[in-house]
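# Summary of structural features
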Amino acid sequence: MSYIDTIFGLTGKVAIVTGGGRGIGQVIARGFAKAGAEVVILSRSGADETLELIKKDGGKAYYIATDVTKEESVDAAMAEILKRSGSIDIVFNNAGICKHQTTLEASIADFREVVDVNLTGEYIVARAAGRIMIERGIKGSIINMASMSGGIVNVPQWQCSYNASKAAVIHMTRSLAAEWAEHGIRVNSISPGYIGTPMSADTPQELRDAWMPLIPMHRMGKPEELIPPMLYLACDAAGYTSGSDVVVDGAYTCL
């Protein structure tokens, strides 16, 4: 094993990735698996492609159908993971949605749906995993998906519900980090900027044209550029890093 592997490797770890069937979740799931972790995908929409890619990479992974907004669904998934894998060491709380709507266009139901998935869903998963880690003495790592939108207001699209949910995720992360520090559980968040995932290909061209001048690097990020900071937050090398929000946005929020 190389020096880098001993510091940043995840061999022997069990890593949960919610919403890992596509996009950023899929890329991070593959990265965790390549670093040696056994990966468990929790999603409502399946993960066949992700599992096949991890298998081709020589990694280990499986899928459990889970609705992160339902406590009973998450608890059942956690119980199955313990039965099959024996531990829960890493959680990447990635499942999320966004609706580009003005506040007057969006219904209260729309707002609640976004907050339910992006904030309450992450809370339910973190709470369930944290309970297991505390009961079993696991000094684990929980990484919540936030966004640069938790600190800035995106333009020209309006997405108040998304921005509010991600700002709350960042502060929830700090709160959990402080609360669980005595148990050796680290809780951090990652805040990507505009990332070029397959989902972003559906973004109207006029929005992408508006974003580029606002990004100092004048390009969208690659999903693979999120793997190194995620590996750091997940691995034991980040033993003194907790309550942090790691921004990966091409310097967008510097302006």
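Above: the structure in question.
First things first, this report covers the structure right here in the doc. (Residues numbered from 1 in each chain as written. Predicted model: local features only at pLDDT ≥ 70, side-chain atom pairs only at ≥ 80, totals over all residues. Heavy atoms only, no water.)

### Some remarks on helix 6 (residues 160-180)
Worth spelling out the cut-off: Secondary structure is summarised from DSSP: a helix means a run of H or I of at least four residues, a strand means a run of E of at least two, and numbering begins at the N terminus for each. For a helix, the expected span equals 1.5 Å multiplied by the residue count minus one. Every residue pair with non-hydrogen atoms within 4.5 Å of one another is taken to be in contact.
Here helix 6 is 21 residues long and its end C-alpha atoms lie 30 Å apart, about the 30 Å a rise of 1.5 Å per residue gives. Packed against the buried residues of helix 6 are helix 5 (108-136), strand 5 (141-145), strand 6 (186-192) and strand 7 (245-248).

### Some thoughts on the state of the cysteines
Selection rule: Throughout, a disulfide means two cysteine sulfur atoms within 2.5 Å of one another. To sort residues, take the accessible area from a 1.4 Å probe on protein chains only and compare it with the maximum for the residue type: under 20% means buried, over 50% means exposed, and anything in between is partly exposed.
Within this structure, the stated rule accounts for 0 disulfides. The cysteine C98 is free of any disulfide, with C160 supplying the nearest cysteine sulfur at 11 Å. The class for C160 is partly exposed, based on a relative accessible area of 43%.

### Details of the packing of aromatic side chains
In plain terms, the rule: Aromatic contacts are taken between Phe, Tyr and Trp rings whose centres are within 6.5 Å, Trp giving its six-membered ring; a plane angle under 30 degrees counts as stacked, one over 60 as edge-to-face, and the others as tilted.
For the structure on display, the rule yields 2 aromatic pairs. Aromatic side chains Y194 and W211 sit 3.8 Å apart centroid to centroid with 10° between the ring planes, which places their arrangement in the stacked category. In this pair, Y194 is assigned in the loop between strand 6 and helix 7 (205-211) and W211 in helix 7, connecting sequence segments 17 residues apart. By relative accessible area, Y194 is classed as buried at 11%. Ring geometry for Y194 versus Y252: centroids 5.7 Å apart, planes at 80°, classification edge-to-face. Placement of the pair is Y194 in the loop between strand 6 and helix 7 and Y252 in the segment after strand 7, with a sequence separation of 58 residues.

### Considerations on the environment of I138
Among the secondary structure elements, I138 is positioned in the loop between helix 5 and strand 5. The exposure class of I138 is buried, given its relative accessible area of 11%. Sequence separation between I138 and F92 is 46 residues, and the spatial gap between their C-alpha atoms is 16 Å. Not counting residues within four places of it along the chain, the set of residues in contact with I138 comprises S87, I88, D89, M133, H183 and I185.

### Focus: the side chain of D89
Counted only if it meets this: Nitrogen and oxygen atoms within 3.5 Å of one another constitute a polar contact, given that in protein one can donate a hydrogen and the other can accept it, and given that sequence-neighbouring residues count only through two side-chain atoms.
Mapped onto the elements, D89 comes out in the loop between helix 4 (71-85) and strand 4 (90-93). There is a polar contact of 2.8 Å between the side chain of D89 and the backbone nitrogen of V14. Setting aside anything within four residues of it in sequence, one finds D89 in contact with G12, K13, V14, M133, I138, G140 and S141.

### What about the nonpolar core?
The line we're drawing: Think of a nonpolar core as a cluster: buried Ala, Val, Leu, Ile, Met, Phe, Trp, Tyr and Cys residues, connected wherever their side-chain atoms sit within 4.5 Å.
In this structure, M78, I81, I88, V91 and I142 are the most contacted members of the largest nonpolar core, which totals 30 residues. Only strand 1 (14-18), strand 2 (38-43), strand 3 (60-65), helix 4, helix 5 and helix 6 provide two or more residues apiece to this core. Other than its neighbours up to four places away in sequence, I88 contacts V14, I16, M78, I81, L82, A129, I132, M133 and I138. Among the nonpolar cores identified, the runner-up in size contains 28 residues, and A15, A29, A35 and I54 belong to it.

### Regarding helix 8 (residues 227-234)
Among the 8 residues that make up helix 8, 6 are buried, leaving the element largely enclosed by the rest of the structure. When we look at burial in helix 8, the residues that qualify are I227, P229, M230, L231, L233 and A234. Tucked into the core, helix 8 has its buried residues touching helix 2 (23-34), strand 4, strand 5, strand 6 and strand 7.

### A few points about empty space enclosed by the protein
Put simply, the rule reads: Detection works on a 1 Å grid of protein atoms alone, calling trapped sets that fit a 1.4 Å probe cavities and calling open sets with protein on both sides within 12 Å along at least five of seven lines pockets, with lining residues defined by an atom within 4 Å of a point. Grid points are joined across faces, edges and corners, and a volume is the space filled by probe spheres set on the points. Basically, the charged four are Asp, Glu, Lys and Arg, the nonpolar ten are Ala, Val, Leu, Ile, Met, Phe, Trp, Tyr, Cys and Pro, and anything else, Gly included, counts as polar.
For the coordinates displayed, the defined rule picks out 1 cavity of 30 Å³ or more. Taken as a whole, the largest cavity encloses approximately 30 Å³ of empty space. Along its surface, the largest cavity is lined by E71, D75, I124, R127, A128 and R131. Looking at the lining of the largest cavity, the elements that each hand over two or more residues are helix 4 and helix 5. Counting residues per element, the lining of the largest cavity draws most heavily on helix 5, at 4 residues. Looking at the lining of the largest cavity residue by residue, the class counts come to 2 nonpolar, no polar and 4 charged.

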